[in-house]
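Close look at the chain arrangement
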Amino acid sequence: MNFRYSVLAFALANASMVVAAEEQTRELENMVTTATLSARDSATVPAFTTVITAEDIERSAVTSLADLLRDTVGVHNSNDSLGRDELRIRGLGGDYTLILVNGKRVSSGSAFAKGSDVDYNSIPLNSIDRVEIIRGPMSSVYGADAIGGVLNIITKAPTQEWSGNVSAEYRTIESGEDGQQQRLGASVRGELAPGSRLFVAIEQKQHDAWYEDRADKKANEPPRLEEKTSTNLFVTLSQDLNAEQTLDVDLALNKDDRPLGVYASGPRTREQELERMELALTHTGRWGWGTTTAFVKHEDSEVKDFNSSYAAPQTHNTGEQNLYAKAYANVTAGSNAIVAGMDYRHQEIEDKTTYLKTGKLSIDELAAFVQDEITVADNLFVTLGGRLDNHEIFGSNLSPKAYVVYQVNDALTVKGGVSKAFKAPDGSYLSAEYSIRSCGGACDLAGNPDLKAETSINYEAGIELRQDTWEMALSWFNNDIDDLIERQITYDTNNDPVAAEWINVAKANTNGFELTASADVLSNLTLSGNMTYLDTEYEDAAGEKFVLTGRPEYEANTTVDWQASDAVSALLSVNYLAGMQYSSWANNGGTWVQEFPVAKSYYRTDLGVVGKVSDTFTLRGGVKNLTDVQLSEIDPSYTLFELGRNYYVSGTYNF
């Protein structure tokens, strides 16, 4: 009898341990640090967030960070005519989305002038532990670049135990011409000596140019996806100074080569190479009164940019250096959780052929910030914050924030807030001597020293609901921007571009809704999805109203995750896009009139299978764009692109 009760007690204890472990895993997955610079449950942070884990990356068939994030709620990948990525959050362009690696700004991609996607491809995928996406303004903590949101790539930390992996992938495209892709990666981490730990990750990606298979294809037509080879190295050395202090050294090396190829009709040819080194030193202290973090990061990049449209010399060499330093402290005092600090940025660009007089440009920015999360009651939290920016040209500007989080019960959270942001134009936009080729090589883009700084007021509100087998979140957002900066192109009487410059648009607005949900339909079957609705408008100085083009009105994603057995799982994803507006010109009785048609909607379907061959080896395979959607056939007005039906196979060996 006692033996029987002992067995029952042992079984119940084991079951409770398993449940506790699963709950702890879910809690860790729901923790975010980006919004408050300290670990918080995503339901109670003063922001709406999405977290992608290393396990999500391993199960997917992505080749880059942009490919990984394009199907998350509120995020749209607005790639250009050669397939270069630009992630937009809530309808705001890449200039309004701040990219961080371990909380540190990544910024020297601007040396590519415009159309650069280097920053989205600079971190080896096998080095990523998680990606935290903050949808909405984070200007009070990170500055004006974070009006649209923040992407924080958190890499795997060095550990005491030695482990690592080697991975390889091959992809081939059935339709069109060429486009083969390969990716090789490896990582290792472990303890070098007591208190000293190392993590190293390296990856090389290469893809050939891919050409759409169209009946009206012309000679010397540009590819839909340009040829590219990128090699990335990321290293972290972590040293415990004592029980309370840790010193981390991060080193990143990026090499991005885009060989000579046609990029516009004419034909016009271009070749670009970028080499970048990043070195960061971070000190973390854990004290009786709180924690401190201080780091300094240096970026040094060099770009060689050949363009047949340039006047001699046709090769522009650009050097860019960025120094970024930040120090802050987290303190809990009674009902107040306070983070306060300062950051400094120095940017210097040298390019004799772009900056026509002095050959260089430098900008300094200094800021101080503070944010206080006040526990008003056990289930009510109020966050008040502000950031004071001191800009070399525009002087001092304050960006305040107020946010309320109310936990109705253990399952339901209601939250919302308002913030204000200031965004100074990029230094190149302001320079009177700045001039580069634009309009596909048909015109020059000039700087404008009369530009004003952009200011915005941003609102958001919504609910998050969590249950044991399902969860849902619904949010509303509204961004009002004054003096939005856009590129203005001047056309001649034949509707050919002749000049371009940056101008302030009088007013702009983006607003909409975001919905995410997931449910365990069966013990081995999970259904998840999201939907984003976006409405945009801008008003020029004359009071005439237009839409912001290149942004879909509706974007939705649905995924079915089937765990067929302990060793085999399958993913089926369907993506939907509709309401993409673009601009065109029509000759109305001898007068060219700008119009804003809507492109046709489309679906894209992906299917993937993951098989665990052994405890150490995992094999993946599948097909993306299963129905071979070609946007040029659906609607020629699309500037976006989808790769033709493509097959992939990859494997990872863990040791």
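This text goes with the structure placed above it.
What you see is a predicted model, and the numbers here were worked out from it, not measured in a lab. Numbers given for residues are sequential positions, taken from 1 along each chain in its written order. Reporting of local features is limited, given that this is a predicted model, to residues whose pLDDT is at least 70; pairs of side-chain atoms are given and counted only at 80 or more, and all residues count toward the totals for whole chains, interfaces and linings. The side-chain quantities take in all heavy atoms of the structure and omit both hydrogens and water.

1. Re the overall build of the protein chain
Helical segments are the DSSP runs of H or I of at least four residues, strand segments are the runs of E of at least two, and each set is numbered from the N terminus. Along the backbone of the protein chain there are 6 helices and 38 strands. For the protein chain, the C-alpha radius of gyration of 25 Å lies close to 26 Å, the compact-globule estimate for 655 residues. The C-alpha extent of the protein chain, read off along each of the three principal axes, is 100 × 55 × 50 Å. Note on exposure labels: buried denotes an accessible area under 20% of the residue type's maximum, exposed denotes more than 50%, and partly exposed covers the range between, all computed with a 1.4 Å probe on protein chains only. For the protein chain, buried positions account for 48% of its 655 residues. Nonlocal contacts in the protein chain, meaning residues at least 24 apart in sequence, comprise 62% of its contacts between residues at least 6 apart. The accessible surface values rely on the Shrake-Rupley method and a 1.4 Å probe; as for residues, cover is taken only from the protein chains in view. Working note: accessible area of the protein chain is about 29200 Å², and carbon and sulfur atoms make up 56% of it. His residues and chain termini do not enter the charge count, which takes Lys and Arg as positive and Asp and Glu as negative. For charged residues, the charge sits on one atom: NZ in Lys, CZ in Arg, CG in Asp, CD in Glu. Between the mean site of the 55 positive side-chain charges and the mean site of the 94 negative ones, the protein chain shows a separation of 1 Å. What the globule rule says is 2.2 Å times the number of residues to the power 0.38, and the radius of gyration is computed from C-alpha atoms. Note on contacts: a residue pair qualifies if any of its non-hydrogen atoms lie within 4.5 Å across the two residues.

2. A short note on the packing of aromatic side chains
Only centres within 6.5 Å qualify two rings of Phe, Tyr or Trp (six-membered ring in Trp) as a pair; their planes then separate them into stacked at under 30 degrees, edge-to-face at over 60, and tilted for everything else. Applying the stated criterion to the full structure yields 11 aromatic pairs. For the ring pair F546 and F596, a centre distance of 5.5 Å and an interplane angle of 50 degrees mean the geometry is tilted. With F546 in strand β31 (residues 545-546) and F596 in the loop between β35 (591-595) and β36 (602-612), this pair connects stretches of sequence that are 50 residues apart. Assessed through its relative accessible area of 14%, F546 is described here as buried.

3. Overview of the nonpolar core
In this text, buried Ala, Val, Leu, Ile, Met, Phe, Trp, Tyr and Cys residues form a nonpolar core when linked through side-chain atoms within 4.5 Å. Among the nonpolar cores identified, the biggest contains 25 residues, and L68, L69, V131 and I133 are the most heavily contacted of them. For this core, the elements supplying multiple residues, two or more each, are α3 (65-69), β5 (87-89), β6 (97-101), β8 (128-135), β9 (149-155) and β13 (196-207). Among the elements that take part in this core, α3 stands out by supplying 4 residues, more than any other. Formed by 16 residues, the second largest nonpolar core is a distinct cluster that contains L37, V45, M138 and V339.

4. Re the environment of L607
By the secondary structure assignment, L607 is in strand β36. Given the relative accessible area of 34%, L607 is considered partly exposed. Considered as a pair, L607 and L87 are 520 residues apart in the sequence and their alpha carbons are 23 Å apart. When neighbours within four sequence positions are excluded, L607 is seen to be in contact with L571, L572, G621, G622, V623 and Y648.

5. Some details on the pattern of salt bridges
Should a side-chain nitrogen of Lys or Arg be within 4 Å of a carboxyl oxygen of Asp or Glu, the pair is scored as a salt bridge. Considering all chains together, one arrives at 29 salt bridges under this definition. A salt bridge links D256 to R258, with the shortest nitrogen-to-oxygen separation between them at 2.7 Å. Comparing D256 with R258, the two get one shared label, buried. The residue K297 makes a salt bridge to E278 at a minimum N-O spacing of 2.9 Å. Here K297 is found in strand β18 (residues 290-307), whereas its partner E278 is found in strand β17 (residues 268-286), with 19 residues between them in sequence. As far as burial versus exposure is concerned, K297 and E278 are alike and both buried. Shared partners join several salt bridges into a network, and the residues in it are R70, D71, R604, D606 and E642.

6. What to know about a nonpolar patch on the surface
Like-charged residues within 9 Å of one another, or nonpolar side chains (Val, Leu, Ile, Met, Phe, Trp, Tyr) within 5 Å, are grouped into patches, provided each residue has over 30% relative accessible area and no salt bridge. Together, W162, L192, L237, V249, L253, M277, L279, L281, V296 and L323 make up an exposed nonpolar region whose accessible area comes to about 780 Å². At the level of elements, β16 (245-264) and β17 are the ones that each hand at least two residues to the nonpolar patch. It is β17 that contributes the most residues to the nonpolar patch, 3 residues altogether. Secondary-structure assignment places L279 in strand β17.

7. A closer look at the sheet that holds β6
Pairing between strands is defined by DSSP: at least two bridges between them are needed. If you walk across this open sheet you meet the 5 strands as β3-β8-β9-β6-β7, and the pairing is mixed. The open sheet has two free edges, formed respectively by β3 (48-53) and β7 (104-105), since each of these has just one partner strand. Pairing between β6 and β9: 5 bridges, direction parallel. Its bridge partner being in β9, V101 is matched across the sheet by I153.

8. A few points about the side chain of K156
Mapped onto the elements, K156 comes out in the loop between β9 and β10 (163-173). No salt bridge is formed by the buried K156; the nearest opposite charge belongs to E58, separated by 4.7 Å. Engagement of the side chain of K156 in a polar contact is seen with the backbone oxygen of N126, the distance being 3.1 Å. Not counting chain neighbours up to four residues away, the residues in contact with K156 comprise A54, N126, S127, I128, D129, N165, R189 and F199. We call two N or O atoms a polar contact when they sit within 3.5 Å, provided that within protein one can donate a hydrogen and the other can accept it, with sequence-adjacent residues counted only if both atoms are side-chain atoms.

9. Quick notes on unusual backbone geometry
Across the chain, the bulk of peptide bonds are trans and the bulk of non-glycine residues have phi less than zero. In the Ramachandran plot, R90 falls in the positive-phi region, its phi being about 55 degrees despite a non-glycine side chain. Its place among the elements puts R90 in the loop between β5 and β6. Residue D483 is not a glycine yet carries a positive backbone phi of 60 degrees. Structurally, the position occupied by D483 is in strand β28 (residues 470-491).

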